[in-house]
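One letter stands for each residue in the lines below.
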Amino acid sequence: MQKITMHTSKTYDILIEDGLLASAAEQIAAILPPPRKCCLVCDRTVYSLYGRQDLPLFVSLTGAGYDVNICTFDPGEGSKTLRAAEEICGVLASKGFTRDDFIIALGGGVSGDLAGFAASIHMRGIPFVQIPTTLLAMADSSVGGKTGVNTDAGKNMIGTFWQPSLVLIDPAVLDTLSQDELLNGLAEIIKAGFIADGTIFDCIGENISEAIVKAIQVKKEIVEADERESGSRRLLNFGHTIGHAIEKCSGYTVPHGCAVMNGMYLTALAADDLEWSMTPVSGLIKNVIDAFAYPKYEELKAPQLAEAAAGDKKRVSDKIIIVYPDQPGRCKTKELPVSELEGFIARGVRLWK
Ligand SMILES: NC(=O)c1ccc[n+]([C@@H]2O[C@H](COP(=O)([O-])OP(=O)(O)OC[C@H]3O[C@@H](n4cnc5c(N)ncnc54)[C@H](O)[C@@H]3O)[C@@H](O)[C@H]2O)c1
């Protein structure tokens, strides 16, 4: 079993091993010993694959003496709402959950963000355990303590920093994940490679567990240095400012991972052209896009993309923070006046091929 320990406002372990779901209770008991209540929060797809009463996780929890309650929701981003968080808190209150009890977020990033948010607000905060089941959640969202829900004003507009007490990663559950979802998660692993560890590229395709571990190590170092994103944690947004703009301009028909890959490429093209980068990186990103057959977004229009990107949460007054690759395996940030954003994007669009 691989173990990574996070040292943030809370110290917690991330355990990685095939088959871990069946011995989840044993690991949880070491930090939150039974008897106590827990609430398994998952979408209905994940519930039927990994959460049901007759499946190893539930059996392991009840066998260890936990009083297991279940909260399910419809799969998809549409469930990441304040209303859904309120419903989870309602279940916790009706079952008499106290601060000794805990939530298990089982599923992808939607479950993790939603259940983590509910855990952070119920009785001003109860513990929660992350059991991620998508590649994206394993390599990225289950680690670092960002929780939240979407509102009409935008994605993740309401949220908290609330670290889990434990993260249990069982890569064997990726066997049931669709190719599209695998590509989504892979984009975040590739991003970690460009930010801080080029050796990640050697194990993608060979050993996915190792790639997950390496991506988590990158995130660990960054989050430990800047838990609440006042500086270096922004590096994790490489490709996301323009990626989010591509998602928005496409009417959310371009999947997140694909949008991030395109966002990284466009940013690198512009940064190379402006000679911000010590060593040009855009060619390498293009090779990765081609190698994994990520679709290229062809409808690029700088004014619309700039308008969408200017609304990004990472904007600081009239400046936007651009994360760009300085050389392979290292990114830097630069503040760009919002008035120059369209020109920056137009540069990338002009060189796009
Ligand atoms: N908190 C953070 O730091 C952070 C970081 C990145 C992304 N996010 C958030 O993560 C969310 C996206 O996460 P996601 O891509 O995991 O989406 P998701 O949670 O919606 O999962 C994607 C789909 O995969 C299905 N699924 C999950 N595990 C499965 C499995 N093992 N087999 C078969 N199907 C399975 C789900 O039912 C769902 O339909 C977004 O809301 C995003 O904002 C958060």
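Residues numbered from 1 in each chain as written. Predicted model: local features only at pLDDT ≥ 70, side-chain atom pairs only at ≥ 80, totals over all residues. Heavy atoms only, no water.

Draft legend 1. Representation of the overall build of the protein chain within the structure. A tally of helices and strands in the protein chain yields 14 helices and twelve strands. Computed over the C-alpha atoms, the radius of gyration of the protein chain is 20 Å, within 12% of the 20 Å expected from 2.2 N^0.38 for a compact globule of 353 residues. Taken over the C-alpha atoms alone, the protein chain extends approximately 60 × 40 × 35 Å along its principal axes. Buried positions account for 55% of the 353 residues belonging to the protein chain. When contacts within the protein chain are restricted to residue pairs at least 6 apart in sequence, long-range pairs at least 24 apart make up 72% of them. With an accessible surface of roughly 14600 Å², the protein chain has 50% of that area assigned to carbon and sulfur atoms. Side-chain charges in the protein chain split into 34 positive and 44 negative, and the spacing between the mean points of these groups amounts to 5 Å. (Helix = DSSP H or I, 4+ residues; strand = E, 2+ residues; numbered from the N terminus. Rg over C-alpha atoms; globule rule 2.2 N^0.38 Å. Buried < 20%, exposed > 50% of the residue type's maximum accessible area, 1.4 Å probe, protein only. Contact = heavy atoms within 4.5 Å. Areas by Shrake-Rupley, 256 points an atom, 1.4 Å probe, with all protein chains shown as cover. Lys, Arg positive; Asp, Glu negative; His and termini not counted. Charge placed at Lys NZ, Arg CZ, Asp CG, Glu CD.)

Draft legend 2. Main features of a nonpolar patch on the surface. Together, Leu82, Met157 and Ile158 make up a nonpolar patch on the protein surface, roughly 230 Å² of accessible area in all. Its location among the elements puts Met157 in strand S8 (residues 154-161). Met157 sits in the partly exposed class, given a relative accessible area of 37%. (Patch = residues over 30% accessible without salt bridge, like charges linked within 9 Å, V, L, I, M, F, W, Y side chains within 5 Å. Salt bridge = Lys/Arg side-chain N within 4 Å of Asp/Glu carboxyl O.)

Draft legend 3. Region of the structure containing the pattern of salt bridges. As enumerated under the stated definition, the model contains 17 salt bridges in all. Across the salt bridge formed by Asp140 and Lys191, the nearest N and O atoms sit 3.8 Å from each other. Pair noted here: Asp140 is in helix H6 (residues 135-141) and Lys191 is in helix H7 (residues 179-196), with a separation of 51 residues, a long-range link. Classification of Lys191 as buried rests on a relative accessible area of 3%.

Draft legend 4. View of the sheet that holds strand S9 (residues 166-169). Pairing is mixed across the open sheet formed by seven strands, whose spatial order is S1-S2-S9-S6-S5-S3-S4. A strand with exactly one partner marks an edge of an open sheet, and here the two such strands are strand S1 (2-7) and strand S4 (67-73). Within this sheet the neighbouring strands show an average axis-to-axis angle of 15°, counted without direction. Relative to S4, strand S3 (residues 37-43) runs parallel, the two sharing seven bridges. Bridge pairing links Cys38 to Val68 in S4. Contacts from helix H5 (residues 109-121) reach S3, S4, strand S5 (102-107) and strand S6 (128-132), with the element oriented near 170° to S5. Against the sheet, helix H9 (residues 208-225) contacts S1, strand S2 (11-16) and S9, and its axis sits at roughly 15° relative to S1. (Pairing = 2+ DSSP bridges. Axes fitted to C-alpha atoms, helices over the stretch in contact; angles between N-to-C directions.)

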